[in-house]
Amino acid sequence: MEEKPSLSSALFAGTRFDRKRFAGDIARFRTGAQPAAPAPPTPDAAPPGPEKKRKRKSKANAKKNSKKKKKRADGAASASDVVEGFSVFKGAEAKEATEESVEVVVREDEDSAVVRRRKEAEREIERAAILRKRYDIHISGHNVPAPLESFEELVSRYDCDSYLVGNLSKLGFQEPTPIQRQAISILLSGRECFACAPTGSGKTLAFLLPMLMKIKPGSKGCVKAVILCPTRELAAQTTRECKKLAKGRKFGVKLMTKDLSQDGNFKDMHCDILVSTPLRLDHAIRKRDLDLSRVEYLVLDESDKLFELGFVEVIDSIVKACSNPSIIRSLFSATLPETIEALARTIMHDAVRIIVGRKNSASSMIKQKLIFAGTERGKLIALRQSFAESLNPPVLVFVQSKERAKELYRELVYDDIRVDVIHGDLTEEQRQDAVDNLRAGKSWVLIATEVLARGMDFKGVNCVINYDFPESASAYIHRIGRSGRAGRSGEAITFFTEEDKPFLRNIANVLVSSGCEVPSWMVALPKLKSRKHRVDRDRISFLTDED
Ligand SMILES: Nc1ncnc2c1ncn2[C@@H]1O[C@H](COP(=O)(O)OP(=O)(O)OP(=O)(O)O)[C@@H](O)[C@H]1O
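Right, let's walk through the structure included here. All values reported here derive from a predicted model rather than from experimental measurement. For every chain, the first residue of its written sequence is number 1, and the numbers climb from 1 along that sequence. The predicted origin of the model limits local features to residues at a pLDDT of at least 70 and limits the giving and counting of side-chain atom pairs to 80 or more, whereas totals for whole chains, interfaces and linings rest on all residues. Excluded from the side-chain calculation are hydrogens and water; included are all heavy atoms of the structure.

### Quick notes on the nonpolar core
Stated formally: Within this scheme, the nonpolar core is defined by two criteria: the residues are buried Ala, Val, Leu, Ile, Met, Phe, Trp, Tyr or Cys, and they are joined through side-chain atoms within 4.5 Å. Accessible area is worked out with a 1.4 Å probe on protein chains only. A residue is then buried under 20% of its type maximum, exposed over 50%, and partly exposed in between. Domains are outlined according to an automatic or database domain assignment. Only heavy atoms enter the contact rule, under which two residues are in contact if any of them lie within 4.5 Å.
Membership of the largest hydrophobic core comes to 61 residues, with the highest contact counts inside it found for Leu154, Ile273, Phe332, Leu396 and Leu452. Mapped onto the domain boundaries, this core takes at least three residues apiece from domain 1 (119-356) and domain 2 (366-523). Those residues in contact with leucine 396 that lie beyond four places of it in its chain are Leu438, Leu446, Ala448, Leu452, Phe458, Val461, Cys463, Val464, Ile465 and Arg482. Listed in part, the 36 residues of the second largest apolar core include Met256, Ala284, Ile315 and Leu336.

### Points about the packing of helix α10 (residues 232-246) against helix α18 (residues 428-440)
Convention followed: Note on geometry: axes are lines fitted to C-alpha atoms, helical ones only across the stretch in contact, with angles between N-to-C directions running from 0 to 180 degrees. Put simply, DSSP marks the helices as runs of H or I at least four residues long and the strands as runs of E at least two long, and each gets a number from the N terminus on. Each angle receives one of four descriptions, namely roughly parallel if under 35 degrees, roughly antiparallel if over 145, roughly perpendicular if within 65 to 115, and oblique otherwise. For any pair of crossing helices, the crossing counts as left-handed if the nearer helix is rotated counterclockwise from the farther one by less than a right angle, and right-handed if it is rotated clockwise. Classification convention: Asp, Glu, Lys, Arg as charged; Ala, Val, Leu, Ile, Met, Phe, Trp, Tyr, Cys, Pro as nonpolar; all other residues, Gly among them, as polar.
Contact pair α10 / α18: the axes reach a minimum separation of 10 Å and the direction vectors enclose 60°. Put simply, α10 runs oblique to α18. Of the two elements, α10 crosses α18, and the hand of that crossing is right-handed. Counted together, Arg232, Glu233, Ala236, Gln237 and Arg240 of α10 and Glu428, Arg431, Gln432, Val435 and Arg439 of α18 form the full contact between these two elements. Per-class residue counts for the contact of α10 with α18 are two nonpolar, two polar and six charged.

### Considering the packing of helix α19 (residues 473-480) against helix α20 (residues 504-513)
Their axes nearest at 9 Å, the elements α19 and α20 cross at an angle of 50°. By the angle between their axes, α19 is oblique relative to α20. In the crossing of α19 with α20, the sense of the turn from one axis to the other is right-handed. Contacts between α19 and α20 involve Ala473, Tyr476 and Ile477 on the former and, on the latter, Asn506, Ile507, Val510 and Leu511. Of the residues belonging to the contact of α19 with α20, the class tally is six nonpolar, one polar and no charged.

### Some remarks on helix α16 (residues 376-389)
Quick note on the threshold: A helix is expected to span 1.5 Å multiplied by its residue count minus one.
With 14 residues, α16 extends 20 Å between its outermost C-alpha atoms, agreeing within 8% with the 20 Å of an ideal straight helix rising 1.5 Å per residue. All buried positions along α16 are accounted for by Glu376, Gly378, Lys379, Leu380, Ala382, Leu383, Ser386 and Phe387.

### Considerations on the sheet that holds strand β13 (residues 463-466)
Cut-off, in case you're wondering: Paired strands, as defined in this entry, are two strands with at least two bridges between them according to DSSP.
The strand order β9-β14-β13-β10-β12-β11 describes an open sheet built from six strands, whose pairing is parallel. For this open sheet the edge positions go to β9 (366-374) and β11 (419-422), each flanked by a neighbour on one side alone. The sheet shows a mean angle of 20° between the axes of neighbouring strands, taken without regard to direction. In this sheet, β13 lies alongside strand β10 (residues 395-398) in parallel orientation, the contact comprising four bridges. Following the sheet pairing, valine 395 is matched in β13 by cysteine 463. Together, β10, β11 and β12 (445-448) form the strand contacts of α18, whose direction differs from that of β11 by roughly 140°.

Structural data, given as structure tokens:
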């Protein structure tokens, strides 16, 4: 028996379709209504056999058009959307359609796809907002990618190589820290960022991981990533961390040593990732023809320190030397003053700003105390007393200059404690030994200048003592941030004398914002014009002469 053509097959009959005759059906399709009953057979309906070719052509055209329109809609419809769209016809038992009817349905289809996509986007935004709230992440910038829920998402969302995931787990990193959750997804989506997150919260991995995912190990003479650090110790530490994370891939990871910066033959060197202090890198660019034009990734770690007076021009010339137009730049620090942020914005485009917790605040893992020691002499007595009562190594003691570091060392070296010292007058090797000795537990107390305040990661530092009052709130935050790292608790003791009293307000505010108690008179002190404070202090050795 010959099959009666249905309404849908008539609609798909193309050129022979009688619009006047089927005006009612067209109207129903326009309003999206389903036909109540099959339409009566039409004598004009296309006969089977010879029409097949035409039908196929018309079907192909219809599909082509529908695809084109979908693409135009906003380019995000998936293949499954297209299939779903045609299932509308299936429900109406339609097998083919004219271009016009397809157009109508496609429009409806597009509308529902747009609604669906909008809903998906809304859900995604909501999910991202919940994650940000949970991890105290604050962002500014448009279209910011959602934070990572877990390291597994590196694979599912970003196709991360298994060697990297393996290394993360070998290093004992199970869950991303808040800054890692947000900064990694931003950098992997090709956006620039400046990030401010507490000391010891894993900022290093937040920039190393996307870097290792983005760049490929290459050949000689082509630096692909540059990491700038304010001190040699931090540069050495970052190089070590980078090598650990890159294990299993042939990345050339190089630390810019003095020798390298003065005599390095960069053209013949396999160096994918270069870690350096600004002056050494600048020297190598100018004197050793180091070519940074193919750098894809530039990180300014401890960026506020790097931008501090004296470094600005050097940083500027390094940024210019990294001339690749598609470079991704990022800035990381635990403190980000407005002035530095404004300066940084001038070199970045479409950057996202990430703040974890409260901007410019100390890690909440540190118990902070301010102790009035009266005079310089009082400070030495208080320090000895504190060691006698409870010495819980490793302990870091900060002083304001290398002379004072030497003086305090001479005072303590004959006491019954294993004390060491690090300052700028020591050779690079001696400085590294001092760091290694503290890490290995060979020394219990390390007397240090500001050189160790930034970025150095001594996991187990139990206590930081600010023997000399820090010169600014940010110096304080970084100094005490050498303890209380990676989720561990820590302690910070800050001595102050009569001379330091007028400068207490800034530091007291840091304590208040981290929930530590301070006497109310400290926060009520008048605001000072200068944020920096460095007192001329009596020599520490003077005390012994006097005794
Ligand atoms: N996801 C993680 N899980 C557990 N530990 C981690 C994770 N990420 C980093 N760490 C560890 O946390 C410690 C602090 O990390 P890192 O030195 O990167 O801190 P930071 O935020 O750069 O601090 P600073 O501001 O002082 O430079 C390191 O010992 C590091 O190995």
